Amino acid sequence: MQNILITGGAGFIGSNFVRYILNKYPDYRVVVYDKLTYAGNLDNLRDVEKLSDRYTFVKGDICDEKLVDQVMREHQIDTIVNFAAETHVDRSLMGAGSFIKTDVYGTYVLLEAAKKYGVERYHQVSTDEVYGEIPPGYSSVETDPLHTRSPYSASKAGGDLMCIAYHTSFGVPVTITRGSNSIGPYQYPEKVVPLFITNAIDDIPLPLYGDGLQMRDYQYVLDHCEGIDVVLHKGKAGEIYNLGTGVETRNIDMARLILRLLGKPESLIKHVRDRPGHDRRYSLNCDKIKALGWHSRHTFEQALEKTVRWYVDNEWWWRKIKSGEYWEYYKKQYEGREL
Ligand code: NAD
Ligand code: DAU
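Residues numbered from 1 in each chain as written. Chains lettered and ligands numbered in written order. Predicted model: local features only at pLDDT ≥ 70, side-chain atom pairs only at ≥ 80, totals over all residues. Heavy atoms only, no water.

**Topic: the sheet that holds strand β2 (residues 29–34)**
Here is step 1: A sheet is described by the order of its strands in space; here seven strands give the open sequence β3-β2-β1-β4-β5-β6-β11, paired in parallel fashion. Unpaired on one side and paired on the other, β3 (55–59) and β11 (240–243) mark the two borders of the sheet. Taken pair by pair, the neighbouring strands of this sheet meet at an average axis angle of 20°, ignoring direction.
Here is step 2: One ladder, built from five bridges, connects strand β1 (residues 3–7) with β2; its direction is parallel. Counterpart to T7 in the pairing with β2 is Y33. (Pairing = 2+ DSSP bridges. Helix = DSSP H or I, 4+ residues; strand = E, 2+ residues; numbered from the N terminus. Axes fitted to C-alpha atoms, helices over the stretch in contact; angles between N-to-C directions.)

Following this line, the structure appears as structure tokens:
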């Protein structure tokens, strides 16, 4: 493993992973391949650009067979890690087409390239959302059936199934991680944690969906990156690994803690009409990845504290994003939704 293609590497988790890999493995070369959608941002990679002998950026779509093929050949890619995806559930409810194109068809294009060039490993970054809503007292294991309920999770499940098919039918050495909600630096402020932090800094209400009692397993992004690294190097081809802390938090408690960390009043929380088909709880059993030697290094509180601090210290990054096009989306998503 030496020449890694990191698709979606200009996004949130992808850019953290690029930085992590370049720091940890001085002999690896990384090619970031990213379409730079609204969620992709070269500011996320500013500090790695100086490593020009080991880092290349290519602007491209994973659905573009020709360009993917050219990059595979020119950079002698031996490993693919696919982060590229449309990722926001609320946007998938507004329109699913781009989700199906990127998350399903795009995955197929990358798998074809992996097959043709005989890569050492193809890793698919997937999500706990493919298991659907999980009842109290249960945690999903990797062999559970998929019960997707949003166009986003259905598209991600399509990608996962295609990966398994390429392993079974053609022997492509595929691994999959199904990660939980991640938080940390460079997360686009449409996702709940950076949205709430940046709103709170500006004294803008925090739009909490429904009763706010939904539960998520919020993990620190570097724990997620480390988990992918462990599976990439120690995981077995054809296998799926859940990746999260195994501890869930209610959204309302997450919102309250953000406000406490920022010294802002709880009156900023405004309950709004719920997300249609909102999954109330995700929960992962992570014994399988733990058996590879991985463990989560941050509690939810530590992860949130670090994240809040980063957004407080890096207004240069998010203020640019929270302008024009962003507020158009915000209006469409939240206007008239107050309860
Ligand atoms: P993100 O939305 O921040 O970034 C996605 C990146 O993919 C962007 O840089 C975007 O430009 C790029 N991209 C989108 N469509 C593309 C295409 N057709 N071709 C090339 N590049 C394209 O996403 P994220 O939150 O960092 O998530 C990364 C991956 O991890 C996704 O596959 C997501 O499903 C998965 N995941 C995310 C979380 C989470 O909490 N954020 C949790 C579990 C799994
Ligand atoms: O579970 C992993 C998934 O986590 C990833 O696969 C997705 O890419 C990622 O977007 C995330 O999905 P969620 O739908 O869980 O994340 P989101 O940040 O949109 O919402 C988290 C919770 O907060 C969810 O219960 C909905 C709620 N929420 C969200 C927003 C945007 C609110 O209450 N208000 C909001 O404004």
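**Quick notes on the site of ligand 1**
Here is step 1: I13, D34, T87, Y152 and K156 are the nearest of the 29 residues found near ligand 1.
Here is step 2: Measuring from a nitrogen atom of ligand 1, one finds a backbone N or O atom of K35 at 3.1 Å.
Here is step 3: S182 places a polar main-chain atom, nitrogen or oxygen, 2.8 Å from an oxygen atom of ligand 1.
Here is step 4: Protein chains shield 97% of the accessible area of ligand 1, which is 840 Å² for the free molecule. (Near = heavy atom within 4 Å. Polar contact = N/O pair within 3.5 Å; in protein donor to acceptor, adjacent residues only side chain to side chain. Areas by Shrake-Rupley, 256 points an atom, 1.4 Å probe, with all protein chains shown as cover.)

**Thoughts on the pattern of salt bridges**
Here is step 1: For the structure shown, the criterion picks out 24 salt bridges.
Here is step 2: Taking the shortest distance from any N to any O, the salt bridge between R256 and D253 comes out at 3.5 Å. Of this pair, R256 and D253 both sit in helix α8 (residues 251–262), three residues apart, which is roughly one turn of that helix.
Here is step 3: With relative accessibility at 30%, the residue R256 sits in the partly exposed group.
Here is step 4: By relative accessible area, D253 is classed as partly exposed at 28%. (Salt bridge = Lys/Arg side-chain N within 4 Å of Asp/Glu carboxyl O. Buried < 20%, exposed > 50% of the residue type's maximum accessible area, 1.4 Å probe, protein only.)

**Points about unusual backbone geometry**
Here is step 1: Phi is positive for Q76, close to 45°, though the residue is something other than glycine.
Here is step 2: Relative to the helices and strands, Q76 resides in the loop between α2 (65–74) and β4 (79–82).

**Focus: the domain arrangement of the protein chain**
Here is step 1: Splitting the protein chain by domain gives domain 1 (3–182 + 219–243) and domain 2 (183–216 + 247–277 + 298–322).
Here is step 2: Contacts between domain 1 and domain 2 engage 23 residues on the former and 21 residues on the latter.
Here is step 3: The junction of domain 1 with domain 2 conceals about 2,000 Å² of combined surface from both sides, 48% of it contributed by carbon and sulfur atoms.
Here is step 4: Our enumeration of links across domain 1 and domain 2 arrives at three salt bridges.
Here is step 5: For D90, the salt bridge goes to R275, with nearest N and O atoms at 2.7 Å.
Here is step 6: Summed over the shared surface of domain 1 and domain 2, the number is 13 residue pairs in polar contact (both at pLDDT 80 or more). (Domains from an automatic or database assignment. Contact = heavy atoms within 4.5 Å. Buried area = accessible area lost by both parts, 1.4 Å probe.)

**Digging into empty space enclosed by the protein**
Empty space among the atoms becomes visible once a probe the size of a water molecule is rolled across them.
Here is step 1: Applying the stated criterion across every chain, the model contains three cavities of 30 Å³ or more.
Here is step 2: Looking at the second largest cavity, its volume works out to about 50 Å³.
Here is step 3: For the second largest cavity, the full set of lining residues is V89, L93, E129, S150, R216, R275, P276, G277, H278, D279 and Y282.
Here is step 4: Within the lining of the second largest cavity, the residues separate by chemical class into four nonpolar, three polar and four charged.
Here is step 5: Taken together, domain 1 (3–182 + 219–243) and domain 2 (183–216 + 247–277 + 298–322) each give at least three residues to the lining of the second largest cavity, which thus spans both. (1 Å grid on protein atoms, 1.4 Å probe; cavity = no way out; pocket = protein on both sides within 12 Å on 5 of 7 lines; lining within 4 Å. Points joined across faces, edges and corners; volume = space filled by probe spheres on them. Nonpolar A, V, L, I, M, F, W, Y, C, P; charged D, E, K, R; others polar.)

**Overview of the site of ligand 2**
Here is step 1: Among the 27 residues in the neighbourhood of ligand 2, the closest are listed as D128, Y152, N181, R275 and Y334.
Here is step 2: Separating a nitrogen atom of ligand 2 from a backbone N or O atom of P207 is a distance of 2.7 Å.
Here is step 3: Y334 has a polar side-chain atom sitting 2.7 Å from an oxygen atom of ligand 2.
Here is step 4: Considering ligand 2 on its own, with 690 Å² of exposed area, one finds that the protein chains cover 95% of that surface.
Here is step 5: Elements with a minimum of two residues in the shell around ligand 2: α3 (89–94), α6 (192–201) and β8 (206–209).
Here is step 6: Here the residues of the shell around ligand 2 sort into eleven nonpolar, nine polar and seven charged.

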